Amino acid sequence: MSERILITGGLGQLGSELAVALRERYGEDSTIVTDLREPANDLPGPFYQLDARDGTRLHEIVRKERITRIYHLAALLSAVAEARPHDAWSINMDGLVAVLEVAREVGASVFTPSSIGAFGPQTPKDFTPQDTIQRPTSMYGVTKVAGELLCDYYAFKYGVDTRGVRFPGIISNVTPPGGGTTDYAVDIYYAAVRDRRYTCFLQGDTYLDMIYMPDAIKAAIDLMEADPARLRHRNAFNVTAMSFSPEEQAAYIRRYIPEFEIYYDVDPVRQAIANSWPNALEDYAARVEWGWQPAYDLDSMTADMLKTLTERQATGAL
Ligand code: AKB
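Presented here is an overview of the structure given in this document.

Reading the values: rules and limits
Residues numbered from 1 in each chain as written. Predicted model: local features only at pLDDT ≥ 70, side-chain atom pairs only at ≥ 80, totals over all residues. Heavy atoms only, no water. Pairing = 2+ DSSP bridges. Helix = DSSP H or I, 4+ residues; strand = E, 2+ residues; numbered from the N terminus. Near = heavy atom within 4 Å. Polar contact = N/O pair within 3.5 Å; in protein donor to acceptor, adjacent residues only side chain to side chain. Areas by Shrake-Rupley, 256 points an atom, 1.4 Å probe, with all protein chains shown as cover. Nonpolar A, V, L, I, M, F, W, Y, C, P; charged D, E, K, R; others polar. Domains from an automatic or database assignment. Buried < 20%, exposed > 50% of the residue type's maximum accessible area, 1.4 Å probe, protein only. Contact = heavy atoms within 4.5 Å. Axes fitted to C-alpha atoms, helices over the stretch in contact; angles between N-to-C directions. Parallel < 35°, antiparallel > 145°, perpendicular 65-115°, else oblique. Left-handed = near helix turned anticlockwise from the far one by under 90°.

It is worth spelling out the sheet that holds strand S6 (residues 114-115) at this point. As summarised here, the arrangement of the three strands in space is S6-S9-S13, forming an open sheet in which the pairing is parallel. At either end of the open sheet lies a strand with only one pairing partner, and these are S6 and strand S13 (237-238).

Spelled out as structure tokens, the structure:
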């Protein structure tokens, strides 16, 4: 069956590139983008302004567009969520409830991203297992754990086909991330190309999991296409492609830009969040249950990011 797909938060870092990939895969008319904001420029496909918490309007759009699959990406990220915890609870949880309710009514499948933020200080830091202690200390993490459980509940109780991954920091060069703890790992490449120097808001020895956008998109599409009979962990598969610290990332950038320099001006809020997250996940369940296999590591991602941004700078677009 050809899919009719709706993305919430579709103008964000992941949504803007996922929409392109979904249209390539399922057809130009397959994918409807929605977002709280109006787009700054004309978008190639259909767009609706939507607050995902507005269940009535969401329902109208889903019915009108005969939606069969929802990628629910609208959420506040970790640093913003920590500054605005009540908004984070409202946006991250009420939005999810509205999406799950409409999916239950129309029989749509739902992809909801969880995060490495769903883990906390008591979680094993290295080779963090798929099934382990989840006692996050950030509001973002609280909403992510609650979201994982709610998606499981809708699957078991109502038979909604809910699936999701725990994304690490996503690195990309089309739409910048906003308000996350891992944003530095994107900003550093822009700064390296533009200024040959970067001031990082995390300590140089902070290890976190990361993934390059092409692999993040592949994970989101492959999981939704996976044979349901093989999925034991339907919501919130650990996925990772690499784990590195700012110091290491800077060293890899110097392979291409030898004069690059990194400085540190540590933000205590984001450092505390990062310290509460794992250093490096283990993603065996995703590999076994639906064939997860990333293509990019730190070296190949760094080469691709710097090449893309350098070409863009040459055209005056950076
Ligand atoms: C964040 O830093 O908040 C996100 C995430 C890891 O979920 N990028």
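Lining the immediate environment of the ligand, one finds Leu77, Ser78, Ser115, Ile116, Tyr140, Pro168, Gly169, Gly180, Thr181, Thr182 and Trp277. In this structure, Ser115 approaches the ligand through a side-chain N or O atom, which is 2.7 Å from an oxygen atom. For the ligand, an oxygen atom lies 2.6 Å from a polar atom in the side chain of Tyr140. Within the complex, 93% of the 250 Å² of free accessible area of the ligand lies under protein. Looking at the shell around the ligand, its residues break down into five nonpolar, six polar and no charged. Counting contributing residues per domain, the shell around the ligand is built from domain 1 (5-168 + 211-238) and domain 2 (170-210 + 242-279 + 296-314), each supplying no fewer than three.

A sheet is described by the order of its strands in space; here six strands give the open sequence S3-S2-S1-S4-S5-S8, paired in parallel fashion. Of all strands in the sheet, those with a lone pairing partner are strand S3 (47-49) and strand S8 (162-163), marking the two edges. Direction of pairing for strand S4 (residues 69-72) relative to strand S5 (residues 109-111): parallel, over a ladder of three bridges. Its bridge partner being in S5, Tyr71 is matched across the sheet by Phe111.

Before going further, it helps to examine the environment of Ala216. Relative to the elements of secondary structure, Ala216 occurs in helix H7 (residues 213-225). Among the residues examined, Ala216 registers a relative accessible area of 0% and is labelled buried. Residues Ala216 and Ala241, 25 residues apart in the sequence, show an inter-C-alpha distance of 9.2 Å. Apart from the residues lying within four places of it in its own chain, the contact partners of Ala216 are Leu14, Phe167, Ile170 and Ile211.

Another aspect to go through is the packing of helix H2 (residues 55-64) against helix H4 (residues 85-106). With their axes 10 Å apart at the nearest point, H2 and H4 run at an angle of 40° to one another. The orientation of H2 relative to H4 falls into the category oblique. Regarding H2 and H4, the two cross each other, and that crossing is right-handed. Taken together, the residues of H4 that come into contact with H2 (itself represented by Gly55, Leu58, His59, Val62 and Arg63) are Ala98, Val99, Val102, Glu105 and Val106. For the contact of H2 with H4, the residue count by class is six nonpolar, two polar and two charged.

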